[in-house]
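Report on the structure
Here's the letter readout for the chains.
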Amino acid sequence: MDCSARTVGMEQNKNTSLCAGVVGLGLIGGSLGLDLQALGWKVNGLVHRSTTADRARARGLAHLVSTDPGILADCDLVILALPLAQLLNPDPNLLKALPAAAVVTDVGSVKMPVLELWRDLHPRFVASHPMAGTAEAGVDAGLRGLFQQRPWVATPDNQTDLEALELVRRFAVSLGSQWFTADAANHDQAVALISHLPVLVSAALLRTVGEERDPAVRELARVLSSSGFADTTRVGGGNPQLGTSMAESNTAAILRGLAAYRWSLEQLEEAVLNGHWSQLKAELERSQALRPSFLVAANNDLNSPPATDDLAEP
Ligand SMILES: NC(=O)c1ccc[n+]([C@@H]2O[C@H](COP(=O)([O-])OP(=O)(O)OC[C@H]3O[C@@H](n4cnc5c(N)ncnc54)[C@H](O)[C@@H]3O)[C@@H](O)[C@H]2O)c1
Ligand SMILES: O=C(O)C(=O)C[C@]1(C(=O)O)C=C[C@@H](O)C=C1
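Residues numbered from 1 in each chain as written. Chains lettered and ligands numbered in written order. Predicted model: local features only at pLDDT ≥ 70, side-chain atom pairs only at ≥ 80, totals over all residues. Heavy atoms only, no water.

For clarity, the cut-off: UniProt positions are given in the numbering used here, feature names are shortened, and annotations may be inferred rather than shown by experiment.
The name an unreviewed UniProt entry assigns to the protein chain is Prephenate dehydrogenase, from the organism Prochlorococcus marinus. According to the UniProt record, the Sequence similarities (unreviewed entry) comment for the protein chain is "Belongs to the prephenate/arogenate dehydrogenase family."

Here you go:
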C-alpha cells in the first residue's frame, strides 16, 4: 500500500488510506501495530536494534519495520511508544525524521514533563495515555485488543492543535478505547493514585511475603497463594523499568499518594492493634463500597468489538 499520495487530517474518508508510524514496538507499540493493521492502516514500525526488527517482522507487528527513522517520512500519524526516558530525551535523528504535517502523539504514563518538552518539539503534538497494559514488556509482549474498553486520556493545553487532537481521539476510539481529556497536572496526580501508587504498594506486599523469615511459612505461603494474592500483586510483578520511570517522572504526586496511603494503613493497623473491630468493619465497609466506583473500565465487557468505523466518519 502506498502511503505517499494521501492528505492528512479530518477530511479522510477511510482509515484504509492512513499511514501510522509506531516508534518502539514493545508492549504498547506492538499492540498498536497489530490493532492498527487489523483496522486497515499501513503501519511503519521504528525500532532501535536489528534483532528487535527481526522479531517484530516475524511477529507481524507492522507492515514495514526498520531502524531507520526515515521510515516515518510518509506517516500521517506517529505514535511514540517509547519508554519515558527515551521520550523525555528524544534522539535528534527521530526529531529530524518526524514529518511536520503528521500528527504526533505519545503513550507515556506521565504527562506533564512529556507535554512541557514536546509541545515545542512538534507543532501537531498531542500528549496522550492509554490506560491499558499487562505485566509484560518488549517485542514479544504486544497483543491484539489491548485497548478495547480501556480509557485513553489526552492532556491538551492551549497550544494543542485541535484538529490533531480530534484525529487522536478518533484513532483511540477506533481501537475501542473510551476517550477522555484532562489537564496534564491533574492527570499526573490521578494516575499517581490509581496506577503508580499500586505498583509500589503491590511491590511492598510481594517483598513482605518474599522476606518472611521462617522458611516453612514462606514455602507454605508460596504454594497456597491463589487468586487473592494474584489480584493484589499483579502490577508489582510488572516491568521494573516502567515502575521506576513512573516514580522518576511523577515523584511529587507519588510521594503525596504514599503519604496518604501510609496514613490509611496506620489507621487500619491501629484498629487491629487496639481490637477496635467495629471500627475496622466500618473501614472495610467503606472500602467495599468505594471499589466498584473506581473499577468502571476494568469491569467493562472485554468481548465487545472495537468501534472500527470511527475513523471512517467524514
Ligand atoms: N506497560 C504499560 O502498562 C503501559 C501502559 C500505558 C502506557 N505505557 C507507556 O508506554 C510506553 C512504552 O511502554 P511499554 O510498556 O510498551 O514498554 P516496552 O519496554 O514494552 O516497549 C518499549 C519499546 O521501545 C523500544 N525502544 C527503546 N528505545 C528506542 C528507540 N530509541 N527507538 C525505537 N525503539 C526504542 C524498546 O526496545 C522497547 O521494545 C512508556 O512510555 C510507558 O510509560 C505503558
Ligand atoms: O494492567 C496493567 O498491567 C497496567 O499496569 C496498566 C496500567 C495501569 O496502571 O492501569 C499501567 C501503566 C499505564 O501507564 C497505564 C495502565
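On we go from here.
**A closer look at the sheet that holds strand E9 (residues 178–181)**
Note the following rule: Strands were regarded as paired on the criterion that DSSP finds at least two bridges between them. Secondary structure elements follow DSSP: runs of H or I of four or more residues count as helices, runs of E of two or more count as strands, with numbering from the N terminus. Each axis is a line fitted through C-alpha atoms, taken for helices only over the stretch in contact, and angles between the N-to-C directions span 0 to 180 degrees.
Spatially, E7-E8-E9 is the arrangement adopted by the three strands of the open sheet, whose pairing is mixed. The open sheet has two edge strands, strand E7 (128–130) and E9, and neither has a second partner. This sheet shows a mean twist of 20 degrees between the axes of neighbouring strands, independent of strand direction. Bridge count for strand E8 (residues 151–154) against E9 is four bridges, and the pairing is parallel. Each residue of the ladder has a partner; that of Pro 151, found in E9, is Gln 178.

**Looking at the environment of Ala 259**
We count it as follows: Burial here depends on accessible area, computed with a 1.4 Å probe over protein chains only, as a share of the maximum for the residue type. Under 20% is buried, over 50% is exposed, and the range in between is partly exposed.
Here Ala 259 lies in helix H11 (residues 251–273). Using a relative accessible area of 39% as the deciding quantity, one classes Ala 259 as partly exposed. Sequence separation of Ala 259 and Pro 123 is 136 residues, and the distance between their C-alpha atoms is 38 Å.

**Points about the site of ligand 1**
Stated formally: Working definition: residue near molecule or strand if any one of its non-hydrogen atoms lies within 4 Å of it. Polar contact is the term for a pair of N or O atoms within 3.5 Å; when the atoms are in protein, one must be able to donate a hydrogen and the other to accept it, and sequence-neighboring residues count only if both atoms are side-chain atoms. For this classification, Asp, Glu, Lys and Arg are treated as charged, while Ala, Val, Leu, Ile, Met, Phe, Trp, Tyr, Cys and Pro are nonpolar and the rest, including Gly, are polar.
Close contacts around ligand 1 come from 22 residues, with Leu 27, Ile 28, Leu 82, Ser 109 and Gly 138 the closest. At 2.9 Å, a backbone N or O of Ile 28 approaches an oxygen atom of ligand 1. Within the contact set of ligand 1, an oxygen atom lies 2.7 Å away from a backbone nitrogen or oxygen of Gly 138. For the shell around ligand 1, the secondary structure elements donating two or more residues are helix H1 (27–38), helix H3 (84–87) and E7. Considering only residue class, the shell around ligand 1 consists of 13 nonpolar, nine polar and no charged.

**Quick look at the site of ligand 2**
Selection rule: Residue burial considers only the protein chains on display, and all accessible areas are found by Shrake-Rupley using a 1.4 Å probe.
The full set of residues close to ligand 2 is Ser 109, His 129, Pro 130, Met 131, Ala 132, Gly 133, Thr 134, Ser 195, Arg 234, Val 235 and Met 246. With respect to ligand 2, the side chain of His 129 contributes an N or O atom lying 2.6 Å from an oxygen atom. In the environment of ligand 2, an oxygen atom lies 2.7 Å from a nitrogen or oxygen atom belonging to the side chain of Arg 234. Protein chains bury 82% of the 370 Å² of accessible surface belonging to ligand 2 in isolation. Looking at the shell around ligand 2 residue by residue, the classes come out as five nonpolar, five polar and one charged.

**Quick look at the pairing of strand E4 (residues 77–80)**
Each regular strand carries side chains that alternate between the two faces of the sheet. Neither face of E4 is open: one carries Leu 77 and Ile 79, the other Val 78 and Leu 80, and all of them are buried. Here four bridges tie strand E1 (residues 19–23) to E4, and the two strands are oriented parallel to one another. Note that in E4 the partner of Val 23 across the bridge is Leu 80. Note: E4 against strand E5 (residues 103–106), four bridges, orientation parallel. From the neighbouring strand, Ile 79 faces E5, where its bridge partner is Thr 105.

**Here's the deal with the side chain of Ser 109**
To keep things clear, this is the line we draw: The contact rule is simple, with two residues in contact once any of their heavy atoms fall within 4.5 Å.
Within the element layout of this structure, Ser 109 appears in the loop between E5 and helix H5 (112–118). In contact with Ser 109, not counting residues within four places along its chain, are Leu 84, His 129, His 187, Val 191, His 196, Leu 242 and Met 246.

**With respect to the packing of H11 against helix H12 (residues 277–294)**
Heads up, the condition is: By convention the crossing between two helices is left-handed if the near helix lies anticlockwise of the far one by an angle smaller than a right angle, and right-handed if it lies clockwise.
One can describe the packing of H11 onto H12 by two numbers: an axis separation of 8 Å at closest approach and a directional angle of 145 degrees. Once H11 is placed against H12, the crossing between them reads as left-handed. Contacts between H11 and H12 involve Gln 267, Leu 268, Ala 271 and Val 272 from the first element and Trp 277, Gln 279, Leu 280 and Glu 283 from the second. Partitioning the contact of H11 with H12 into residue classes produces five nonpolar, two polar and one charged.

**Notes on the environment of Lys 96**
Positionally, Lys 96 belongs in helix H4 (residues 92–97). The exposed category is assigned to Lys 96, whose relative accessible area is 68%.

**Details of the packing of helix H7 (residues 184–210) against H11**
Across the interface, H7 lies against H11 with an axial gap of 9 Å and an inter-helix angle of 65 degrees. Between H7 and H11 lies a crossing whose hand is right-handed. Facing Asp 188, Gln 189, Ala 192, Leu 193, His 196, Leu 197, Leu 200 and Val 201 of H7, the residues of H11 in contact are Ala 253, Ile 254, Arg 256, Gly 257, Leu 258 and Tyr 261. Split by residue class, the contact of H7 with H11 holds nine nonpolar, three polar and two charged.

**Considering the nonpolar core**
Formally: Only buried residues count toward a nonpolar core, which is a set of Ala, Val, Leu, Ile, Met, Phe, Trp, Tyr and Cys residues joined through side-chain atoms within 4.5 Å.
The biggest cluster of nonpolar side chains holds 38 residues, and the ones touching the most others in it are Leu 32, Leu 36, Trp 41, Ile 79 and Phe 171. Elements with a minimum of two residues in this core: E1, H1, helix H2 (50–59), E4, E8 and helix H6 (162–174). The element that contributes the greatest number of residues to this core is H6, accounting for six residues. For Leu 32, the residues in contact, after removing those within four places along its chain, are Ile 79, Val 107, Phe 147, Trp 152, Phe 171 and Leu 175. Counting 21 residues, the second largest nonpolar core, distinct from the first, contains Leu 84, Leu 98, Trp 118 and Ala 184.

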